[in-house]
Amino acid sequence: MGGTMISQELLERFTAIVGERHALRDAADLAPHLVENRGLYHGASPLLLKPCSVEEVSAILKLASETSTAIVPQTGNTGLVGGQTPREGGADIIVSLERMNRVREVDPVANILVAEGGAILAEVQKAAEAHGRLFPLSLGSEGSCRIGGNLSTNAGGTAVLAYGNMRQLCLGLEVVLPTGEIWNGLRRLKKDNTGYDLRDLFIGAEGTLGIITAAVLKLYPQPLGKQVAFAGLNTVEDALALFNQASSLCGPALTGFELMPRFGVEITARNIEGVRDPLESPHPWYVLIDISTSDSAETAERMMTTLLEQGFEAGLVQDAVIASSVAQQKALWHMRESMSEAQKPEGGSIKHDVSVPVSQIPEFMHQAEEAVMAAMPGARICAFGHMGDGNIHYNISQPVGVDKDAFIARWHEMNGIVHGLVLAHGGSISAEHGIGQLKRDELASIRSEIEMDLMRRIKRAFDPAGIMNPGKVVNV
Ligand SMILES: Cc1cc2nc3c(=O)[nH]c(=O)nc-3n(C[C@H](O)[C@H](O)[C@H](O)COP(=O)(O)OP(=O)(O)OC[C@H]3O[C@@H](n4cnc5c(N)ncnc54)[C@H](O)[C@@H]3O)c2cc1C
């Protein structure tokens with residue numbers, strides 16, 4: 001729950017910073033910002049501010065600190081753990097960077113791009129492409145999520161295997177601290193060992209330490225060759241063996257290795273318009289393989305053909321298609337990226353965003369399936385994801401015909417089962433989506449006392465007034 005309501009007089013003072021036109025107060029205008037994508041969290045807020053400069057953000061946070069007013073940063077509102085949703089009670093003001101959406105600079109020689117916190121990810125990708133460069137972060141939500149949110153959640157996505165997550169793609173930051181002070185850390189250096197790494201503290205902090213207003217991002221050459229294949233397999237063990245072969249054969253050219261179960265492919269073909277199962281007959285498991293090469297198109301072609309030949313010979317691959325055009329490549333990726341959306345028409349879905357060491361994926365999957373089915377006969381498991389990073393979205397769709405609310409009421413029980421196994425395998429209960437509200441209490445229960453204490457001390461040092469996104473990640 002949030003704290004006390006904010007007075008009209010104080011709301012006017014906040015509004016004056018950005019101007020009436022850029023302050024939302026109307027219930028209908030605010031409504032889309034009070035709920036997150038999955039509908040798990042509904043908050044309340046009397047005001048949403050859209051500053052247009054770092055100075056305006058600074059003035060907002062200074063006033064907030066002086067008046068102990070809680071601030072929730074929100075950019076694309078595509079986060080999946082409720083970090084961007086205000087608390088109930090109506091005491092949180094939302095700050096949206098959607099007007100601070102410029103790409104300030106692209107330097108293709110230095111391979112860097114400077115973007116504001118409100119720049120939409122897809123626009124940043126396009127700006128890099130216009131200069132013959134690649135910004136590799138790629139997510140299903142890239143048309144609406146924004147750089148400030150991507151950094152604050154340390155977003156992962158489909159190309160982490162080759163390029164790393166947002167932390168690895170960022171060189172420098174500009175941040176407004178909760179006190180209103182501005183930290184200009186827009187450095188462009190790959191090597192910089194000058195004291196504590198403040199940048200890395202803000203990345204993944206989910207808006208609890210300050211507002212990220214701009215960032216220096218890393219660019220890469222556009223690949224000359226790209227191959228995408230979709231293969232049907234019998235077991236997760238076969239998928240792991242094929243991944244091992246692909247890593248050896250392709251090295252850094254292996255850009256994506258995604259695992260999907262039959263149930264996932266079936267519901268995506270059934271529920272998403274334009275998607276069809278690319279293979280003639282069904283298989284228990286599938287992998288999507290993406291290879292990108294920067295020397296020539298032939299290298300990618302040769303790698304993919306050799307990999308699939310080896311896979312067939314070893315009995316790992318049962319059937320496969322290689323996309324023969326860019327449109328087909330996109331169609332295969334679209335199927336994979338629509339798999340979350342495809343679960344919605346199937347009723348309730350209990351989600352897990354977990355990671356385990358890659359070599360332990362098969363054992364984890366078997367144990368989790370056994371435990372989940374024992375606890376909930378009829379559950380339909382849709383465990384898919386970025387196998388190359390050990391990141392599985394272990395989602396459970398409700399058994400056919402059961403009551404959705406009764407199913408969702410078992411969310412924490414099912415979390416306990418899946419997360420227990422994840423921890424036993426040395427894994428993480430949040431691979432790429434973060435902690436937010438959803439996993440805040442669980443975080444405190446799985447991290448050591450000293451680790452939680454250090455996190456709380458960092459929070460207090462950056463945010464003495466406790467105004468930055470309270471109730472998210474850690475309770476102070
Ligand atoms: C269809 C779909 C697919 C997705 N796929 C992936 C995926 O593959 N990998 C992945 O990692 N995530 C994925 N996500 C989750 C989500 O898109 C990412 O977490 C994304 O990085 C959030 O960006 P956003 O701009 O929407 O942030 P928001 O949702 O607005 O905010 C997310 C968090 O960051 C904070 N925040 C936002 N802006 C700032 C700022 N400027 N300064 C400080 N804090 C800030 C918020 O307070 C909140 O805690 C997916 C989501 C959807 C809906």
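Residues numbered from 1 in each chain as written. Predicted model: local features only at pLDDT ≥ 70, side-chain atom pairs only at ≥ 80, totals over all residues. Heavy atoms only, no water.

Along the chain, the regular secondary structure elements total 16 helices and 19 strands. Taken over C-alpha atoms, the radius of gyration comes to 23 Å for the chain, in line with the 23 Å a tight globule of 476 residues would show. When the backbone C-alpha atoms are referred to their principal axes, the chain occupies close to 70 × 55 × 45 Å. Counting over 476 residues, the chain shows a buried share of 55%. In the chain, of all internal contacts separated by at least 6 residues, the share reaching a separation of at least 24 is 74%. On the chain, roughly 19,800 Å² of surface is accessible, and the fraction owed to carbon and sulfur atoms is 52%. Charge separation in the chain, taken as the distance between the mean sites of 40 positive and 56 negative side-chain charges, equals 5 Å. (Helix = DSSP H or I, 4+ residues; strand = E, 2+ residues; numbered from the N terminus. Rg over C-alpha atoms; globule rule 2.2 N^0.38 Å. Buried < 20%, exposed > 50% of the residue type's maximum accessible area, 1.4 Å probe, protein only. Contact = heavy atoms within 4.5 Å. Areas by Shrake-Rupley, 256 points an atom, 1.4 Å probe, with all protein chains shown as cover. Lys, Arg positive; Asp, Glu negative; His and termini not counted. Charge placed at Lys NZ, Arg CZ, Asp CG, Glu CD.)

With that settled, the discussion passes to the packing of helix 12 (residues 361–375) against helix 14 (residues 411–424). Two measures define how a pair of helices packs: the angle their axes make with one another and the distance between the axes. Remark: helix 12 packs on helix 14, axes separated minimally by 10 Å, with the N-to-C direction vectors making an angle of 155 degrees. As summarised for this structure, helix 12 and helix 14 are arranged roughly antiparallel, according to the angle between their axes. In this structure, the crossing between helix 12 and helix 14 has a hand that is right-handed. Mapping the contact onto sequence places F364, Q367, A368, A371, V372 and A375 in helix 12 and E413, M414, I417, V418, L421 and V422 in helix 14. Per-class residue counts for the contact of helix 12 with helix 14 are ten nonpolar, one polar and one charged. (Axes fitted to C-alpha atoms, helices over the stretch in contact; angles between N-to-C directions. Parallel < 35°, antiparallel > 145°, perpendicular 65-115°, else oblique. Left-handed = near helix turned anticlockwise from the far one by under 90°. Nonpolar A, V, L, I, M, F, W, Y, C, P; charged D, E, K, R; others polar.)

Inspection of every chain in the model, using the stated rule, returns 26 salt bridges. The closest approach of N and O atoms between K226 and D290, which form a salt bridge, is 2.7 Å. One end of the pair, K226, is in strand 12 (residues 225–233); the other, D290, is in strand 14 (residues 285–293), with 64 residues separating them in the sequence. Here E258 makes a salt bridge to R336, at a shortest N to O gap of 2.6 Å. With E258 in strand 13 (residues 254–261) and R336 in helix 11 (residues 326–337), this pair connects stretches of sequence that are 78 residues apart. According to the relative accessible area criterion, E258 is buried, its value standing at 1%. R336 sits in the buried class, given a relative accessible area of 5%. When salt bridges with common partners are traced through the structure, they connect R102, R104, E116 and E174 into a single cluster. (Salt bridge = Lys/Arg side-chain N within 4 Å of Asp/Glu carboxyl O.)

Moving on, we come to the site of the ligand. In the neighbourhood of the ligand, 34 residues make up the surrounding shell, with P73, T75, T78, G79 and S141 lying closest. G76 is positioned with one of its backbone polar atoms (N or O) 2.9 Å from an oxygen atom of the ligand. Contacts to the ligand include N469, whose side-chain N or O atom sits 3.2 Å from an oxygen atom. In the complex, 93% of the free accessible area of the ligand, which totals 980 Å², lies under the protein chains. (Near = heavy atom within 4 Å. Polar contact = N/O pair within 3.5 Å; in protein donor to acceptor, adjacent residues only side chain to side chain.)

Okay, the sheet that holds strand 9 (residues 182–185) next. Spatial ordering of the open sheet is given by 5-6-10-8-9, a layout of five strands whose pairing is antiparallel. Each edge of the sheet is formed by a strand with only one pairing partner; in this case those strands are strand 5 (103–107) and strand 9. For this sheet, the mean inter-axis angle between neighbouring strands, taken without regard to orientation, is 10 degrees. Of the strand pairs in this sheet, strand 6 (residues 112–116) and strand 10 (residues 211–218) are connected by five bridges, and their pairing is antiparallel. Paired with V114 across the bridge in strand 10 is V216. Lying on the sheet, helix 3 (residues 54–67) is in contact with strand 8 (170–176), strand 9 and strand 10; it crosses strand 8 at an angle near 50 degrees. The strands that helix 4 (residues 121–130) touches are strand 5, strand 6 and strand 10; relative to strand 6, the one it contacts most, it runs at about 150 degrees. (Pairing = 2+ DSSP bridges.)

What follows covers the domain arrangement of the chain. In terms of domain boundaries, the chain breaks down into domain 1 (8–96), domain 2 (103–221), domain 3 (225–337) and domain 4 (347–424). A C-alpha centroid distance of 23 Å is found between domain 1 and domain 2. Of the residues lining the interface, 13 residues belong to domain 1; the matching set on domain 2 comes to 18 residues. Between domain 1 and domain 2 the total buried area reaches about 1,200 Å² when both faces are included, carbon and sulfur atoms providing 70% of it. Broken down residue by residue, the surface that domain 1 buries against domain 2 is led by V54, L61 and T75, which jointly contribute 39%. Remark: the boundary between domain 1 and domain 2 carries zero salt bridges. At the boundary of domain 1 with domain 2, the tally comes to three residue pairs in polar contact (both at pLDDT 80 or more). (Domains from an automatic or database assignment. Buried area = accessible area lost by both parts, 1.4 Å probe.)

Helix 3 packs onto helix 1 (residues 8–18) with a crossing angle of 165 degrees between their chain directions and a minimal axis gap of 9 Å. One finds that helix 1 runs roughly antiparallel with respect to helix 3. The way helix 1 lies across helix 3 gives a crossing that is right-handed. Residues L10, R13, F14, I17 and V18 of helix 1 touch helix 3, and the partners they reach there are E56, A59, I60, L63, A64 and T67. Considered class by class, the residues forming the contact of helix 1 with helix 3 number eight nonpolar, one polar and two charged.

What follows deals with the sheet that holds strand 3 (residues 70–74). Taking strand neighbours across the sheet as the criterion, the four strands line up as 1-2-4-3 in an open arrangement whose pairing is mixed. The strands lining the two open edges of the sheet, one partner per strand, are strand 1 (23–24) and strand 3. Sheet topology places strand 3 next to strand 4 (residues 92–96); five bridges connect them, and they run parallel. Paired with P73 across the two strands is V95, which belongs to strand 4.

Turning next to the side chain of E174. The topology assignment puts E174 in strand 8. Judged by relative accessible area, E174 falls into the buried class, the value being 8%. Not counting the four nearest positions on each side in its chain, E174 is found in contact with V54, R104, W183, G185, L186, I211, I212, T213 and A214.

Once that is clear, we can look at unusual backbone geometry. Positive phi is not limited to glycine here, since N77 has a value of about 55 degrees. Along the chain, N77 turns up in the loop between strand 3 and strand 4. Taking the relative accessible area as the measure of exposure, N77 reaches 16% and is therefore buried. Of note, V473 is a non-glycine position whose phi angle comes to about 65 degrees, a positive value. Relative to the helices and strands, V473 resides in the segment after helix 16 (449–462).

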